[in-house]
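Structural overview
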Amino acid sequence: MTYDICKLEGEDDTLASWQRGHQRFFTEEGKELGYEFTEDMPVVFEEFEVVYQEP
């Protein structure tokens, strides 16, 4: 994951802070859903574009 991708979320000032926050998130979510966070687990990032918006 690069910081250019991470900053699109608009939540963190550095790649390191994004990594810490998401490691915490995935660790806690994993406890609830039955998986274990690992440094090499795949992460999917999707970016969407609004193509129509109701007036």
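The structure displayed is predicted, hence computed values, not measured ones.

Focus: the pattern of salt bridges
As enumerated under the stated definition, the model contains two salt bridges in all. The partner of Lys7 in a salt bridge is Asp4, and the shortest N-O contact between them spans 3.4 Å. Classification of Lys7 as partly exposed rests on a relative accessible area of 43%. Here Glu28 ties to Lys31 by a salt bridge, and the two come within 3.3 Å at their closest N and O atoms. Taken as a pair, Glu28 and Lys31 lie in helix 2 (residues 15-33) at a separation of three residues, close to a single helical turn. Taking relative accessible area as the criterion, Glu28 reaches 44% and is therefore assigned partly exposed.

Here's the deal with the side chain of His22
Mapped onto the elements, His22 comes out in helix 2. Excluding anything up to four places from it in sequence, His22 contacts Glu9 and Glu11.

Calculation rules
- Residues numbered from 1 in each chain as written.
- Predicted model: local features only at pLDDT ≥ 70, side-chain atom pairs only at ≥ 80, totals over all residues.
- Heavy atoms only, no water.
- Salt bridge = Lys/Arg side-chain N within 4 Å of Asp/Glu carboxyl O.
- Buried < 20%, exposed > 50% of the residue type's maximum accessible area, 1.4 Å probe, protein only.
- Helix = DSSP H or I, 4+ residues; strand = E, 2+ residues; numbered from the N terminus.
- Contact = heavy atoms within 4.5 Å.

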